[in-house]
Amino acid sequence: MAALRRLQKCQSSGITVISHLHTSSHVSANMHYKMLVLGGGSGGIAMGARMKRLMGAGNVAVVEPSETHYYQPIWTLVGAGAKKATSSARPTASVMPSGVKWVKSKVQEINPDTNTVRTDDGKEISYEYLIVALGIQLHFEKIKGLPEAFEHPKIGSNYSIQTVDKTWKALKDFKEGNAVFTFPNTPVKCAGAPQKIMYLSDAYLRKTGKRNKAKIMYNTSLPVLFGIKKYADSLWEIVKQRDLQINLRQNLIEVRADKQEAVFENLDKPGETTVVEYEMLHVTPPMGPNPIVKNSPLGDEVGWLDLNKDNLQHKKYPNVFGIGDCTNLPTAKTGAAVAAQSAVLSRTISRILKIRNLIKFMMATPLAHWSQATNL
Ligand SMILES: Cc1cc2nc3c(=O)[nH]c(=O)nc-3n(C[C@H](O)[C@H](O)[C@H](O)COP(=O)(O)OP(=O)(O)OC[C@H]3O[C@@H](n4cnc5c(N)ncnc54)[C@H](O)[C@@H]3O)c2cc1C
């Protein structure tokens with residue numbers, strides 16, 4: 001028994017192995033999977049494929065409501081007119097790994113105490129292991145005047161498939177005035193993207209002979225141009241060379257689209273606002289935790305999925321794991337980070353499965369046969 005206890009907490013990796021799963025719940029659930037993945041974005045699809053290799057076809061399901069899977073990094077190029085929005089889209093069916101079940105539903109509730117998930121179309125799905133990959137939530141509505149302002153021209157956002165083409169239209173139709181790019185007062189996915197569209201717009205306006213008619217400004221909530229000093233130092237050189245005006249600690253709080261006005265609050269002097277007239281406005285919306293995670297016992301105090309950063313296992317529920325933008329991992333929220341995390345998570349789950357198989361074997365094998373069978 002001491003050997004069993006030792007196996008249940010694998011100290012070297014910090015992994016907790018689950019010895020008692022609630023199995024009664026799957027009797028009442030409509031469906032049951034050994035591995036259930038929530039969200040079929042970058043992290044969910046990557047983990048679906050890895051888990052199928054580890055657990056076999058038929059044992060893994062991905063819950064994702066959208067018929068279309070988007071590769072979001074392309075949206076920066078779509079907003080700058082270098083790619084079509086259609087190039088970022090694939091039918092979800094075509095990216096779902098073969099042998100992985102696609103549950104085309106929206107998750108409404110996660111109940112980790114009963115190992116079940118409820119969907120908006122009334123399904124109850126039980127699981128042995130769960131990977132949460134639900135992404136980050138956009139909050140355009142937290143800026144006064146949005147999202148209605150997108151019905152007007154001259155304003156766009158690369159952060160959504162509904163608004164990315166509007167960025168390109170605003171850039172293409174630019175005549176004369178301010179081109180304004182924003183960065184919100186929250187964590188964001190791909191913190192480089194709000195700036196990349198500014199550099200691409202600058203290049204486009206130069207190419208089309210309109211640059212001398214444009215004042216380009218980057219109004220960011222941050223006290224720095226970029227979070228990593230090494231890159232910020234280089235970027236300061238570039239913005240100087242290209243005559244791009246950087247306004248720090250300026251947070252977009254309102255868009256008056258009928259007047260082409262954007263209102264910014266000075267975060268160092270709360271209540272002090274500046275109204276900027278724009279000929280083009282690119283909005284990076286405020287973002288926050290996925291509400292399904294936030295409203296479950298899986299969220300941390302803010303609502304991000306609460307993970308052990310070394311192995312991507314949930315801090316309280318050892319059969320729950322996570323990946324990507326919905327988590328509180330101390331990495332950037334990017335596809336590149338997801339790629340690195342998927343290898344770590346795969347290793348964690350593979351170890352857990354091996355240890356559990358060994359525990360099962362030891363419990364099923366008379367003590368006298370252990371040393372012979374296992375060389376222990
Ligand atoms: C404009 C832009 C530019 C970017 N550029 C880069 C870049 O250059 N390099 C880079 O590495 N990264 C970039 N990124 C970031 C990258 O796309 C994300 O970090 C990555 O997609 C995160 O993967 P994820 O699986 O965590 O979330 P996502 O890929 O967003 O997937 C989340 C999935 O969960 C699903 N979902 C949400 N709620 C529910 C629910 N209730 N039930 C079921 N499913 C649900 C969604 O439909 C979605 O499919 C960029 C992003 C944007 C928007």
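Note that the structure is a prediction, hence the values are computed from the model and not measured.

Rules behind the numbers
Residues numbered from 1 in each chain as written. Predicted model: local features only at pLDDT ≥ 70, side-chain atom pairs only at ≥ 80, totals over all residues. Heavy atoms only, no water. Helix = DSSP H or I, 4+ residues; strand = E, 2+ residues; numbered from the N terminus. Buried < 20%, exposed > 50% of the residue type's maximum accessible area, 1.4 Å probe, protein only. Contact = heavy atoms within 4.5 Å. Phe/Tyr/Trp six-rings, centres within 6.5 Å; stacked < 30°, edge-to-face > 60°. Lys NZ or Arg CZ within 6 Å of the ring centre and 35° of its normal. Disulfide = S-S within 2.5 Å. UniProt positions renumbered as here; feature names shortened; annotations may be inferred. Pairing = 2+ DSSP bridges. Right-handed = clockwise from strand over helix to strand, strands pointing away.

Within the chain, the secondary structure is distributed over 11 helices and 21 strands. For the chain, the C-alpha atoms occupy an extent of roughly 85 × 40 × 40 Å along the three principal directions. Within the chain, the proportion of its 376 residues that are buried is 51%. Contacts spanning at least 24 positions in sequence make up 65% of the contacts within the chain whose residues lie at least 6 apart.

Okay, the packing of aromatic side chains next. If you walk through the whole model with that rule in mind, you get 4 aromatic pairs. Here W168 and Y204 contribute two aromatic rings whose centre-to-centre distance is 5.2 Å and whose plane-to-plane angle is 80°, an arrangement assigned as edge-to-face. Note that W168 is positioned in helix α6 (residues 164-172) and Y204 in helix α7 (residues 193-207), a separation of 36 residues in sequence. Above the plane of the ring of W304 lies K333, whose end atom (NZ or CZ) is 4.2 Å from the centre.

Now for the state of the cysteines. Where two cysteines share a covalent bond between their sulfur atoms, that bond is called a disulfide. Under the definition given, this model contains 0 disulfides. Unpaired in this structure, C190 has its nearest cysteine sulfur neighbour in C326, at a distance of 17 Å. Residue class for C190 comes out partly exposed when judged on its relative accessible area of 26%. According to the relative accessible area criterion, C326 is buried, its value standing at 1%.

So, on to the environment of V180. Tracing the sequence through the fold places V180 in strand β13 (residues 177-183). Measuring from C-alpha to C-alpha, the distance between V180 and E272 comes to 19 Å, with 92 residues separating the pair along the chain. V180 has contacts with M217, F264, V276, Y278, M280, L281 and H282, leaving out every residue within four places of it along the chain.

According to UniProt, the positions carrying the feature "domain: FAD/NAD(P)-binding" (unreviewed entry) are residues 33-155. This span, residues 33-155, is 19% helix and 33% strand, and a straight line between its end C-alpha atoms measures 44 Å.

This part is about unusual backbone geometry. The peptide bond linking L146 to P147 adopts the cis configuration, its omega dihedral lying at 5°. With respect to the secondary-structure elements, P147 resides in the loop between β11 (137-138) and β12 (155-156). Even without being glycine, R249 reaches a positive phi, approximately 60°. Along the chain, the position of R249 falls in the loop between β15 (245-247) and β16 (250-256). Notably, Q260 is not glycine yet its phi reads approximately 55°, a positive angle. As for its position among the elements, Q260 is in the loop between β16 and β17 (261-266).

A few words on the pairing of β13. By the criterion of burial, β13 is predominantly enclosed, with 6 of the 7 residues buried. Pairing of β13 with strand β14 (residues 214-220), which is carried by 7 bridges, proceeds in the parallel orientation. In the strand pairing of β14, F181 is matched with Y218. Following the chain from β13 across α7 to the adjacent parallel β14, one finds a crossover that is right-handed.

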